[in-house]
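# Examining the three-dimensional arrangement
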Amino acid sequence: MRNRENPTKWESYKQVITAVSAYWVFSIGLVFLNKYLLSSVQLDAPLFITWYQCLVTVFLCLFLSKTSKAYGLFKFPSMPIDAKISREVLPLSVVFVAMISFNNLCLKYVGVSFYYVGRSLTTVFNVVCTYLILGQKTSGQAIGCCALIIFGFLLGVDQEGVTGTLSYTGVIFGVLASLSVALNAIYTRKVLSSVGDCLWRLTMYNNLNALVLFLPLMLFNGEFGAVFYFDKLFDTTFWILMTLGGVFGFMMGYVTGWQIQATSPLTHNISGTAKAAAQTVMAVVWYSELKTLLWWTSNFVVLFGSGMYTYVQKRVMDKKNSGASPASEAKSDKVKLLGRDGNAAEESV
């Protein structure tokens with residue numbers, strides 16, 4: 001038998017294709033599914049929908065941890081419930097709750113085609129927050145890329161208004177979501193050591209804390225009454241879709257890591273940018289939307305700016321790692337990835 005650690009070229013290609021395909025399927029599927037749950041289902045309770053997806057994530061983390069320990073069929077980190085760790089993760093969890101709430105509220109009020117542009121300021125906020133909170137400066141080339149993204153965002157907002165589908169509420173939520181994603185990435189770096197540098201364990205504690213943090217928000221938003229009087233509360237299809245949304249959100253954590261492992265952090269970000277472009281085209285076709293040439297130009301500008309920012313930051317990272325050990329280089333890659341992608345948090349819970 002061929003050594004699995006030295007696969008053939010075809011096996012490597014197959015693994016890359018499978019990993020990238022899985023990332024695209026779960027990522028695009030999650031956005032369309034959440035859009036349906038938030039807009040098409042007659043339940044005005046976006047926070048409850050998000051809370052339930054957090055519940056599914058916590059259940060899957062605990063279930064897989066117990067199953068792994070009991071049967072050893074696969075490897076999954078242990079998930080001890082520790083009040084001390086939960087308190088240490090709590091500041092991040094507050095940001096996490098804001099992030100996933102604003103993401104879903106943005107998706108509720110804007111179309112899927114505009115969803116990427118609506119939250120495209122994440123990179124800009126990441127640069128600003130990294131400087132203000134961590135004191136880290138960014139190169140002039142990276143700032144130029146951010147200026148390009150801001151221009152594309154403003155052009156996109158203007159053209160969305162021209163087509164008559166602009167929601168200012170959705171745009172505001174999109175900007176807040178972008179800020180929250182940037183803050184989530186920064187605080188993740190600070191808190192990661194509290195859970196033994198295990199992203200799966202951090203995912204469990206974040207979602208566990210979120211289950212409690214969401215309760216007063218749902219009460220304040222009047223969602224308990226909306227859920228109680230929902231006419232499809234006992235509809236099987238509704239709960240299947242709700243659970244499927246939670247499973248897709250959970251799987252985003254796995255397929256993101258898989259894609260990075262099969263390719264590289266740079267390729268992962270390029271794949272994410274290409275996926276966003278495909279998602280936009282699919283949404284325009286699926287919802288039979290008519291968009292102006294300048295609207296498409298705004299999407300291209302944002303995508304190009306994001307792609308160039310990834311390339312510039314990768315070059316900076318390579319220079320810093322040129323004299324570093326392989327272990328520290330891998331760790332640096334992971335930290336940079338968190339700063340750009342937020343552990344797929346832009347799309348999942």
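In this text, all values refer to a predicted model and were calculated from it rather than measured experimentally.

## Re the overall build of the chain
Within the chain, the secondary structure is distributed over 13 helices and zero strands. The order of helices and strands in the chain, counted from the N terminus, is α-α-α-α-α-α-α-α-α-α-α-α-α. Here the C-alpha radius of gyration of the chain, 20 Å, is about what a compact globule of 349 residues would show, namely 20 Å. Principal-axis analysis of the C-alpha atoms places the extent of the chain at approximately 55 × 55 × 45 Å. Among the 349 residues that make up the chain, the fraction classed as buried is 50%. A fraction of 84% describes how many contacts in the chain between residues 6 or more apart in sequence connect residues 24 or more apart. Of the roughly 17200 Å² that the chain leaves accessible, carbon and sulfur atoms contribute 66%. When the 27 positive and 18 negative side-chain charges of the chain are each reduced to one mean point, those points stand 8 Å apart.

## Quick word on unusual backbone geometry
Phi is positive for D197, which is not a glycine, with a value near 55 degrees. Among the secondary structure elements, D197 is positioned in the loop between α7 (168-191) and α8 (199-220). Note on D197: relative accessible area 40%, which makes it partly exposed.

## A short note on the UniProt feature "domain: Sugar phosphate transporter" (unreviewed entry) in the chain
The feature "domain: Sugar phosphate transporter" (unreviewed entry), as annotated in UniProt, sits at residues 19-309 in this numbering. The annotated region residues 19-309 carries 81% helix and 0% strand content, and the separation between its end C-alpha atoms amounts to 24 Å.

## A word on the environment of K69
One can find K69 in helix α2 (residues 46-71). On the basis of relative accessibility, which here comes to 76%, the residue K69 falls in the exposed class. Spatially, the C-alpha atom of K69 lies 28 Å from that of M242, the residues being 173 residues apart in sequence.

## With respect to the environment of N321
Inspection of the secondary structure assignment puts N321 in helix α12 (residues 293-321). Look at N321 and you get buried, because its relative accessible area is 8%. Put simply, N321 and S180 are 141 residues apart on the chain and 29 Å apart in space, counted from C-alpha to C-alpha.

## Considering the nonpolar core
In a soluble, globular protein the nonpolar side chains are often hidden away together inside. Grouped together as the largest cluster of nonpolar side chains are 72 residues, with contacts concentrated most on L43, F48 and F214. Sorting elements by how many residues they give to this core places α2 first, with 11 residues. Among all residues touching F48, those that are not within four sequence positions of it are L43, M218, E223, V227, W239 and M242.

## Some details on the environment of Y187
Counting through the fold element by element, Y187 comes out in helix α7. Taking C-alpha positions, Y187 is 8.1 Å from P91, a pair spaced 96 residues apart along the chain. Residue contacts for Y187: discarding those within four places in its chain leaves L92 and V95.

## Points about the UniProt feature "transmembrane region" (unreviewed entry) in the chain
UniProt's feature table lists "transmembrane region" (unreviewed entry) at residues 12-33, 45-64, 114-134, 141-159, 165-187, 208-230, 236-257 and 293-312, given in the numbering used throughout. Split by type, residues 114-134 is 86% helix and 0% strand. Its first and last C-alpha atoms lie 31 Å apart. Each end of residues 208-230 is marked by a C-alpha atom, and these two atoms are 26 Å apart; helix forms 83% of the span and strand 0%.

## Quick word on the state of the cysteines
The final tally for this structure, using the stated rule, is zero disulfides. C129 carries a free sulfur, and the closest cysteine sulfur to it, the one in C146, is 11 Å from it. What makes C129 buried here is its relative accessible area of 7%. Among the cysteines around C146, which has no disulfide bond, C145 carries the closest sulfur, lying 7.0 Å off. We classify C146 as buried; its relative accessible area is 5%.

## Section: a nonpolar patch on the surface
Residues V128, Y131, L132, I133 and L134 make up a contiguous nonpolar surface patch of roughly 440 Å² in combined accessible area. Position of L132 relative to the elements: it lies in helix α5 (residues 122-134).

## Structural notes on the pattern of salt bridges
For the structure shown, the criterion picks out four salt bridges. With its nearest N and O atoms 2.7 Å apart, the salt bridge here joins E88 to K84. Note that E88 and K84 are positioned in helix α3 (residues 83-109) at a spacing of four residues, about one turn of the helix. By relative accessible area, which is 32% here, E88 ends up partly exposed. K291 serves as the salt-bridge partner of E160, at 3.6 Å between the closest nitrogen and oxygen. A residue pair is termed long-range when its members are at least 10 positions apart, and E160 in helix α6 (residues 140-162) and K291 in the loop between α11 (265-286) and α12 qualify at 131 residues. Like K291, E160 is buried. Each of the salt bridges in this network shares a partner with another, and the network as a whole consists of E160, E289 and K291.

What counts and how
- Residue numbers restart at each chain and count upward from 1, following the sequence in its written direction.
- For this predicted model, a pLDDT threshold of at least 70 governs which residues receive local features, and a threshold of 80 or more governs which side-chain atom pairs are given and counted, while totals over whole chains, interfaces and linings are taken from all residues.
- By convention in this description, side-chain values take in all heavy atoms of the structure and omit both hydrogens and water.
- Note on conventions: DSSP H or I runs of at least 4 residues are helices, E runs of at least 2 residues are strands, and numbering of each starts at the N terminus.
- Radius of gyration here uses only the C-alpha atoms, and the compact-globule reference equals 2.2 Å multiplied by the residue count raised to the power 0.38.
- Exposure classes here rest on a 1.4 Å probe applied to the protein chains alone. A residue is buried below 20% of its type maximum, exposed above 50%, and partly exposed in between.
- Contact criterion: two residues are considered in contact whenever any of their non-hydrogen atoms come within 4.5 Å of each other.
- Note on areas: these come from Shrake-Rupley sampling with a 1.4 Å probe, and a residue is covered only by the protein chains present in the view.
- Think of it this way: Lys and Arg go in the positive column, Asp and Glu in the negative one, and His and the chain ends go nowhere.
- Charge coordinates come from a single atom per side chain, which is NZ of Lys, CZ of Arg, CG of Asp or CD of Glu.
- UniProt positions are given in the numbering used here, feature names are shortened, and annotations may be inferred rather than shown by experiment.
- Definition of nonpolar core: a set of buried residues of the types Ala, Val, Leu, Ile, Met, Phe, Trp, Tyr and Cys, connected through side-chain atoms within 4.5 Å.
- Note that a disulfide, as used here, is simply two cysteine sulfur atoms within 2.5 Å.
- Only residues whose relative accessible area exceeds 30% and that form no salt bridge enter a patch; like-charged residues are grouped when within 9 Å of one another, and nonpolar side chains (Val, Leu, Ile, Met, Phe, Trp, Tyr) when within 5 Å.
- Here, a salt bridge means any side-chain nitrogen of Lys or Arg that lies within 4 Å of a carboxyl oxygen of Asp or Glu.

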